[in-house]
Amino acid sequence: MDMLNYENECWEMGCRHVIGIDEAGRGPLAGPVVVAGVVFEPGFLIEGVTDSKQLTEKEREEFYGTICRNARAYHVEIVNHETIDKINILQASLYGMRQCVERISLNPDFILVDGNKLPFPENHPFGSKQRAIVKGDAKSFTIAAASILAKVTRDRLMTEYDPIFPGYGFARHKGYPTPEHIYAIKKHGLSTIHRKTFCMQFLQEQLGFGF
């Protein structure tokens with residue numbers, strides 16, 4: 001598949017600054033959700049860039065630097081666990097997407113976002129200038145690039161948290177609900193970076209226990 005198909009449609013409409021947006025960290029029990037937005041010059045492509053989940057950690061790290069050096073502009077938004085607890089993970093992700101659009105160093109002409117939810121309402125100035133693409137991180141180059149920036153940023157953060165919160169294994173599972181992580185929660189309880197509301201619900205529904 002041509003990873004610039006969606007971008008080409010936008011460029012042909014006269015939209016020069018097309019921002020691709022994706023997030024990392026919707027499923028974990030701990031840590032932030034990280035949203036990234038990237039804009040490239042029309043026609044620009046980095047071969048091999050695809051959905052960050054399909055790449056190795058080494059590949060993601062290498063592409064991270066290449067993306068940052070070649071992007072016309074990019075922005076990474078970190079939405080912390082407290083905000084996730086207050087407004088839920090979906091709304092936190094959409095909030096991060098809006099922040100990326102509003103805080104990036106140039107004004108986007110069109111938004112391509114991974115998933116099936118649009119960040120802006122219809123009556124917003126961006127309401128008619130956005131498109132949600134299911135599995136967009138495997139179909140759109142700019143979305144894929146954003147997914148790499150978001151994933152690498154979040155993984156680095158969770159690795160930094162590992163020595164601060166020993167015993168949870170954050171450097172290995174990055175906050176996702178692995179057996180190791182569940183065991184650590186049973187043993188140590190919730191840390192201050194756990195998404196408490198989500199954790200309580202997950203543990204009760206999936207495992208039948210709570211605190």
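Structure: above.
Residues numbered from 1 in each chain as written. Predicted model: local features only at pLDDT ≥ 70, side-chain atom pairs only at ≥ 80, totals over all residues. Heavy atoms only, no water.

**Topic: the environment of His181**
- Position of His181 among the secondary structure elements: in helix 7 (residues 179–188).
- The class of His181 is buried, set by a relative accessible area of 0%.
- Separated by 144 residues in sequence, His181 and Gly37 have C-alpha atoms that sit 30 Å apart.
- In this structure His181 touches Leu29, Ala30, Tyr168, Phe170, His173, Gly175, Tyr176 and His194, once residues within four positions along its chain are discounted.
- One polar contact links the side chain of His181 to the main-chain carbonyl oxygen of Gly175, over a distance of 3.3 Å. (Helix = DSSP H or I, 4+ residues; strand = E, 2+ residues; numbered from the N terminus. Buried < 20%, exposed > 50% of the residue type's maximum accessible area, 1.4 Å probe, protein only. Contact = heavy atoms within 4.5 Å. Polar contact = N/O pair within 3.5 Å; in protein donor to acceptor, adjacent residues only side chain to side chain.)

**Thoughts on the side chain of Asp22**
- Structurally, the position occupied by Asp22 is in strand 1 (residues 18–24).
- Within the buried set, Asp22 has no salt-bridge partner at all; the shortest N-O distance to an opposite charge, 5.7 Å, is to Lys53.
- Beyond its immediate stretch of four places on either side in the chain, Asp22 contacts Val34, Val35, Ala36, Asp114, Asp137, Ile143, Ala146, Ser147 and Ala150. (Lys, Arg positive; Asp, Glu negative; His and termini not counted. Salt bridge = Lys/Arg side-chain N within 4 Å of Asp/Glu carboxyl O.)

**Description of helix 7**
- Turning to helix 7, its buried residues number three or more, namely His181, Ile182, Ala184 and Ile185. Along the long axis of helix 7, the arc covered by the buried residues comes to 160°, so they all point the same way. Among the exposed residues of helix 7, those pointing more than 90 degrees away from its buried face are Pro179, Tyr183, Lys186 and Lys187.
- Its buried side turned inward, helix 7 meets helix 6 (170–173) and helix 8 (196–207).
- The positive-phi residue at the C-terminal boundary of helix 7 is Gly189, with phi of around 80°. (Arc of directions from axis to C-beta.)

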